[in-house]
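Results of the structural survey
Here's the letter readout for the chains.
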Amino acid sequence: MPFAKLGLTSALLDAVKELGYREPTPIQVQAIPLMLDGKDVIGSAQTGTGKTAAFGLPILQLMGKHSPSPRALILEPTRELALQTDESLRRLAQATNLRVAVVYGGVGYQKQRDAFRDGVDVIVATPGRLLDHLRQHALKLDKVQHLVLDEADRMLDMGFLPDVRRIIDHCPRRRQTALFSATIPPEIETLIRWAMFEPVTVEIGQRRMPAETVKHVLYPVAASQKSQLLLALLEGIHWDSAIIFCRTRRGADKVARVLKQHDHKAAVIHSDRSQKERQQALEGFRAGRYEVLVATDIAARGLDIADVTHVINYDVPEHPEDYVHRIGRTGRAQATGDALTIMMTEDAPRVDAIEKFIKKRIERVKLEGFTYEYALALDEGRRNSLPTGRVRGGPVGKGGYFAAPARRKRR
Ligand code: AMP
């Protein structure tokens with residue numbers, strides 16, 4: 001299916017061509033005609049599927065020409081996502097005279113107010129700062145005709161749903177609403193019933209499945225060897241750029257420090273870093289100045305980073321949904337990528353939950369050439385009859401958690 005068949009104007013088709021998109025992604029094929037038709041759309045698709053253009057192109061087309069009041073509002077859970085969506089929409093809008101403005105916290109108000117005063121058509125915003133502007137009467141949303149709730153499950157996780165509802169109350173009831181979410185928990189179902197009118201659901205593959213092009217593997221290891229294994233993985237596998245996920249901010253800082261000590265060009269993003277530091281890290285990573293980006297879930301959710309060849313979970317995520325989101329960083333727009341997860345014995349219940357969630361067993365492997373301090377169980381049934389002591393690298397074969405501690409390596 002070529003782009004030309006989706007009903008887009010020639011100006012937008014030119015913009016798409018300019019961006020080098022040869023054919024629409026599955027979500028674009030499904031969502032663009034529906035949205036052009038004015039329908040409310042639920043896209044259960046993760047980032048990396050091309051969803052920004054899936055809602056951006058039809059909205060820009062329906063808006064037509066510039067007018068002084070904002071007519072489209074895109075809500076994003078994080079500043080990074082807001083910036084990224086703003087940039088994508090600006091590129092798509094190049095062929096039009098529509099103006100896009102981005103609104104997020106942690107920076108001054110005046111520049112954002114100036115943009116409203118000059119007249120903007122599309123506002124991309126995080127909920128907190130947008131509400132501030134609304135409370136200060138710096139902005140009105142009474143002309144909004146298109147509302148997009150992007151990464152809705154992330155908004156929920158971050159406690160933004162009450163703010164989102166307050167914002168929606170400022171918008172006219174007659175409007176088009178699109179909602180994107182990798183998962184649809186009950187709170188989002190409630191929001192959908194409240195905020196949307198006869199929505200059509202567009203599902204890309206199975207709702208919960210991470211990108212099908214991603215190859216998943218688990219590396220069981222003892223807690224004491226996690227960072228050693230990480231370094232060995234970076235030495236032992238073929239990769240170009242990697243995002244390493246940690247559960248905590250302190251953990252992320254520690255991993256970044258270890259990587260730097262071993263001459264890896266690493267940047268770190270988490271919520272304790274200033275907006276400027278996060279931007280600098282992201283831009284550096286995108287430009288290839290850093291080969292590794294160490295991140296926490298909140299900081300990295302939904303980031304559009306092209307060409308990430310590997311996602312490495314240094315910590316198994318607490319929630320299975322986060323696994324899907326993390327993995328969404330690789331295998332983007334149908335490229336292939338690898339997802340490696342380092343696991344410890346105590347992570348077994350979390351791994352079980354992930355496997356149930358994605359309805360797939362993840363292969364356990366050993367890193368060739370890595371000297372494991374503890375024995376690895378080759379499969380769960382043989383846990384008690386394992387040889388103990390040092391185990392040299394080699395494939396685990398199918399199955400097998402990390403076994404109960406064997407004998408410590410003598411130093
Ligand atoms: P998104 O899911 O919107 O964050 O998009 C993920 C990445 O895919 C972005 O880098 C887009 O520029 C890219 N992309 C979106 N649509 C297409 C397409 N039809 N062909 C190739 N790349 C695309």
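About the cut-offs
Residues numbered from 1 in each chain as written. Predicted model: local features only at pLDDT ≥ 70, side-chain atom pairs only at ≥ 80, totals over all residues. Heavy atoms only, no water. Buried < 20%, exposed > 50% of the residue type's maximum accessible area, 1.4 Å probe, protein only. Helix = DSSP H or I, 4+ residues; strand = E, 2+ residues; numbered from the N terminus. Pairing = 2+ DSSP bridges. Right-handed = clockwise from strand over helix to strand, strands pointing away. Axes fitted to C-alpha atoms, helices over the stretch in contact; angles between N-to-C directions. Contact = heavy atoms within 4.5 Å. Phe/Tyr/Trp six-rings, centres within 6.5 Å; stacked < 30°, edge-to-face > 60°. Lys NZ or Arg CZ within 6 Å of the ring centre and 35° of its normal. Core = buried A, V, L, I, M, F, W, Y, C linked by side-chain atoms within 4.5 Å. Polar contact = N/O pair within 3.5 Å; in protein donor to acceptor, adjacent residues only side chain to side chain. pLDDT = per-residue confidence, 0-100. Salt bridge = Lys/Arg side-chain N within 4 Å of Asp/Glu carboxyl O.

Things to note about the pairing of strand S4 (residues 122–125)
A two-sided burial pattern is seen for S4, the buried positions comprising Val 122 and Val 124 on one face and Ile 123 and Ala 125 on the other. By the bridge criterion, four bridges tie strand S2 (residues 72–75) to S4 in an arrangement that is parallel. The partner of Leu 73 across the bridge, within S4, is Ile 123. Note on the crossover from strand S3 (residues 100–103) through helix H5 (residues 110–118) to S4: the handedness is right-handed.

Here's the deal with the sheet that holds S4
In spatial order, the strands read S3-S4-S2-S5-S6-S1-S7; together these seven strands make up an open sheet with parallel pairing. Both edges of this open sheet fall to S3 and strand S7 (200–203), since each of them pairs with a single strand only. Pairs of neighbouring strands in the sheet enclose a mean axial angle of 15°, with direction left out of account. Bridge analysis of strand S1 (residues 41–44) against strand S6 (residues 176–180) gives three bridges, and the strand direction is parallel. Paired with Val 41 across the bridge in S6 is Ala 178. Against the sheet, helix H2 (residues 26–36) engages S1, S6 and S7, with an angle of about 165° to S7.

Brief notes about the packing of aromatic side chains
Summed over the entire model, instances satisfying the criterion amount to two aromatic pairs. Arranged with centres 5.4 Å apart and planes meeting at 45°, the rings of Phe 55 and Phe 180 form a pair that is tilted. Separated by 125 residues along the polypeptide, Phe 55 in helix H3 (residues 51–63) and Phe 180 in strand S6 bring together distant segments of the chain. A relative accessible area of 0% means that Phe 55 is categorised as buried. Between the aromatic rings of Phe 370 and Tyr 372, the centroid separation amounts to 4.9 Å while the plane-to-plane angle is 85°, which identifies the pairing as edge-to-face. Take Phe 370 and Tyr 372: they sit in the same class, and that class is buried. Looking at Arg 165, its charged tip hangs above the ring of Trp 194, at a distance of 4.4 Å from the centre.

Quick notes on the nonpolar core
One broad rule of soluble globular proteins: the nonpolar side chains tend to lie buried together. Grouped together as the largest cluster of nonpolar side chains are 36 residues, with contacts concentrated most on Leu 8, Phe 55, Leu 57, Leu 89, Val 122 and Val 124. For this core, the secondary-structure elements that each account for two or more residues are helix H1 (10–18), H2, H3, S2, helix H4 (79–92), S3, S4 and S6. No other element matches H3, which puts seven residues into this core. Listed in part, the 32 residues of the second largest apolar core include Leu 73, Leu 75, Ile 188 and Leu 191.

Considerations on the side chain of Gln 176
With respect to the helices and strands, Gln 176 occurs in strand S6. With relative accessibility at 5%, the residue Gln 176 sits in the buried group. Of the polar contacts made by the side chain of Gln 176, one reaches the backbone oxygen of Lys 39; its length is 2.7 Å. A polar contact of 2.9 Å, which involves the side chain of Gln 176, links it to the side chain of His 146.

Points about the environment of Pro 68
Considering the arrangement of structural elements, one finds Pro 68 in the loop between H3 and S2. Between the C-alpha atoms of Pro 68 and Val 120, which are 52 residues apart in sequence, the distance is 6.0 Å.

Details of the confidence of the model for the protein
Of all residues in the protein, 84% attain a pLDDT of 70 or more, and the chain-wide mean is 84. A low-confidence stretch, residues 377–411 (pLDDT under 50), is modelled with 87 contacts involving residues beyond four sequence positions or located in other chains.

Description of the pattern of salt bridges
Applying the stated criterion to the full structure yields 20 salt bridges. Between Asp 322 and Arg 154 there is a salt bridge, and its shortest N-O distance comes to 3.6 Å. Here Asp 322, found in helix H14 (residues 320–327), pairs with Arg 154, found in helix H7 (residues 152–157); they are 168 residues apart in sequence, far enough to count as distant. Each member of the pair, Asp 322 as well as Arg 154, is classed as buried. Residues participating in the shared-partner salt-bridge network are Arg 247, Glu 318, Asp 347 and Arg 350.

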